[in-house]
Structures are given as C-alpha cells and as structure tokens.
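Take a look at the letters that make up each chain.
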Amino acid sequence: MAVNEAERHAMSRALELAANGPRGANPQVGAVILSPDGDVLAEGWHHGAGTPHAEVDALSKLAPGAAKGATAVVTLEPCNHTGRTGPCAVALIEAGIARVVYSLDDPGAVSGGGADRLRTAGVSVEAGEQTDAAHALIEGWLTAQRLGRPEITVKWAQSLDGRAAASDGTSQWITGPAARADVHRRRAAADAIVVGTGTVLADDPALTARDGDALYDHQPIPVVIGSRDTPADAAVHRHPLPPLFYDTRDLHAVVADLHARGVQNVFVEGGPTLASAFIAEGLADRVLAYVAPVLLGGDRLALTDIGVPSIAAARRLTIDEWVPLGPDLLAVAHFTEDLTEEGTA
Ligand SMILES: NC(=O)c1ccc[n+]([C@@H]2O[C@H](COP(=O)([O-])OP(=O)(O)OC[C@H]3O[C@@H](n4cnc5c(N)ncnc54)[C@H](OP(=O)(O)O)[C@@H]3O)[C@@H](O)[C@H]2O)c1
C-alpha cells in the first residue's frame, strides 16, 4: 500500500523530532504514531544510548490499547534485537500496530531485520520514505556503522616543498587567514580533534573551533595521544570540553575507545609523526592538505614513514576538491584503495 499524504507529513515531522536527540553511539531517530484516520496520536524520539528507542518513546505516551490498528511512522527501520532496550519490532507488534512506514533500512548486522519480523507478524510495512533527508540527518552514524569506527580525516598545512615546520620546529603560521578559517569551520563539524604530545609541547594549541575570536557552538572533543605529560598550564586544559589523554601508541585502541564514546568523525591535526602513524595503520579515510606558497627547506617533512618502501606501494589518493583559499590551496582527497576493508596497511 503506497504511502499516503498523512504518513508523508508524519515522516517530515519524525525527521524534525529525530534531530532533538543527541549525536552519538546511537542514531538520531524520530517516530510519529497515527490513528487509522491519519490523526497524530503520539510523537517520540531517541534521547541517546541506553534510553528507549523512538517508537517505544512514542508508544509510552499512549494509554494501553490506544495504538491498536495505528500506523507507526519512523525514520529508521525498527530494530530487531535486545540491547540495553528490547526489540522495537516486538514492542510495535505487542502494541497492536497495524502498519509501519519507515525511511532507512537499519544497516546493523544484529539490529537489522525488524521489517521482516513485522511482516511475519502480519504488519503492513513500507520502506524508503524521504530517504535523502533521513540519510543526511544520520550520515556520520551510517559511515561509522559501515567502517566499524569513526570516519578519520588527517589534516596538515605544508609549504610548497612539503614541509610542516621550519628547522627550529616553528610552524605558526605556514598558511594564511583564509586557510586557517577553513580549518576552524571544519573542526566545528568534527566530534573529536586529535594531536600527539609533540604538537602540544611545540605549539600549545587550544584545539577549539573558532570563528574569529568567538567559539563555534559545536566544539570537537580535544584528544592528546602520547606518553609525555601535557603541562598543567597548557591551552588544551582551557578547552570548553574536558580533554581526553591516551598514554599509548596503539591508535586502533584509541579509535575504538572514541567510537564507544559516540564519536562519529575524527580530525587528526598532527603533527607529522601522528599523521603518518594514522595513515600507516590504515586509519585514515580522507586527507586535507593545505599547501602554502612558501619554502621552508630542511627535514621537517609533512609526513614521515607511512609504510611505503617503494613506488609500487604508494598510497594513492583521489582528489574530491581543490579549494583556493587566498594565496593557499587546499586538496581534499580520499584514499583510492580501501585499506579499512583489509584491516591494516
Ligand atoms: N604543519 C602542520 O600542519 C602541523 C600540525 C601540527 C604540528 N606541526 C609541527 O609538528 C611538530 C611536532 O611534530 P611531532 O611529529 O612531534 O608531533 P605529533 O605527531 O603531534 O606528536 C608525536 C608524538 O605522538 C605520540 N604518539 C602517539 N601515538 C603514536 C604512534 N602511534 N606513533 C608515534 N607516535 C605516537 C608520541 O608521543 P610520546 O613520545 O609522548 O609517546 C610522539 O612522540 C612541531 O614542529 C609542530 O609545530 C605542524
């Protein structure tokens, strides 16, 4: 049975409701329960990991029996597994829901399959309503689901001759104001920003996302990796979010921990040692290289050993975009080969 006008309208509303939920380990999901006449009976959304899913949140607002014969309009396929909460497909069946309209299939190997379960129980199920909007809403979560970890972008600024710092270690600033403003805009879209202790000790970065002097509303969690101590008066301690310190070189463990904390995308901002380690470990999806028309010479290269012994093993990239930024040029690229499928480089 095709999706009707009331259901289409309810899906738009469910997408609005979904956006009320937090971005994190679980997807943002919204739900609207409609009477057989198309009237809104209840609304709900997912308030974050460990709390009821959107469908159950909406059902909880109805008196027992009130959902009999009703339609549930949900932005994501109702789940089919027992995690911290029970399967939503079962909750809908038990509530007497006669029809479910949802947007995106649940990509989870364990949580997927809710639609089949509903159909088997005799519920009419319609998928694929307003998928573009639903996809845009939870794109970061979907990517993290596909990769099994957050999406990782490695960013650096370099001179035209490929250096990330001058011989004495100073690197502020290689690029101009337009390039630096672009970095801050992109930081504001990231969940976490990662540096090594080398950068903390050399540059004392604030690791905030700033629009001029003002902080962007969304700030990435600052992350420092390495065993050397961060000084007590380091700027990172004044970040609005508490920094995470990892005394390890095991980047896979760090990334897994960030994933468990609900981080969906990570911005690695150097320096050369850490950037190279992420790339060598196959833990990089995208590169942002800001290239400035300046020469620095010396041996402080933008990247060090990335595990490429000969040209045959070169890590090839595909350019998504060349962005002119004042006198500088930004290359936005992704790795042509997908090492994440195989595990490591
Ligand atoms: N141009 C740019 O975009 C840019 C950006 C940032 C920094 N920089 C410049 O880069 C220089 C600092 O470079 P850097 O390479 O020392 O900084 P870094 O990459 O930020 O830090 C290196 C440190 O990261 C830790 N680390 C954590 N996991 C690691 C792993 N898997 N492998 C290796 N090390 C790991 C180690 O710390 P422990 O030894 O403490 O364990 C290592 O010494 C400065 O001159 C700075 O100005 C330039």
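Small disclaimer: the values here were computed from a predicted structure and weren't measured. (Residues numbered from 1 in each chain as written. Predicted model: local features only at pLDDT ≥ 70, side-chain atom pairs only at ≥ 80, totals over all residues.)

Peer 1: It is not clear to me how the UniProt feature "domain: CMP/dCMP-type deaminase" (unreviewed entry) in the chain should be interpreted in this structure. Could you clarify?
Peer 2: This chain's UniProt record puts "domain: CMP/dCMP-type deaminase" (unreviewed entry) on residues 5-126. Helix makes up 28% of residues 5-126 and strand makes up 21%, while its end C-alpha atoms are separated by 14 Å. (UniProt positions renumbered as here; feature names shortened; annotations may be inferred. Helix = DSSP H or I, 4+ residues; strand = E, 2+ residues; numbered from the N terminus.)

Peer 1: I tried to follow the site of the ligand on my own but got confused; where do I start?
Peer 2: Around the ligand, a shell composed of 27 residues is seen, among which Gly 196, Gly 198, Gly 226, Gly 270 and Gly 271 lie nearest. Within the residue set of the shell around the ligand, elements represented by two or more residues are β6 (151-159), β7 (192-196), α8 (197-203) and α10 (272-280). Top element by residues in the shell around the ligand is α8. It accounts for five residues. The residue makeup of the shell around the ligand, split by class, is 12 nonpolar, 11 polar and four charged. (Near = placed C-beta within 6 Å. Nonpolar A, V, L, I, M, F, W, Y, C, P; charged D, E, K, R; others polar.)

Peer 1: Help me understand the sheet that holds strand β4 (residues 99-104) in this model?
Peer 2: In sheet architecture, strand pairing relies on hydrogen bonds along the backbone and comes in two forms, parallel and antiparallel. Here we have five strands laid out as an open sheet, ordered β2-β1-β3-β4-β5, and mixed in their pairing. Each of the sheet's edge strands pairs with one partner strand only, and the pair in question is β2 (40-45) and β5 (124-126). Each strand of the sheet is rotated relative to its neighbour by a mean of 15°, with strand direction disregarded. Where β4 and β5 come together, three bridges link them in parallel fashion. Each bridged residue has a counterpart across the sheet, and for Val 100 the counterpart in β5 is Val 125. Relative to strand β1 (residues 30-34), helix α1 (residues 5-18) is tilted by about 145°, and along the sheet it contacts β1, β2, β3 (71-76) and β4. (Pairing = 2+ DSSP bridges. Axes fitted to C-alpha atoms, helices over the stretch in contact; angles between N-to-C directions. Contact = placed C-beta atoms within 7 Å.)

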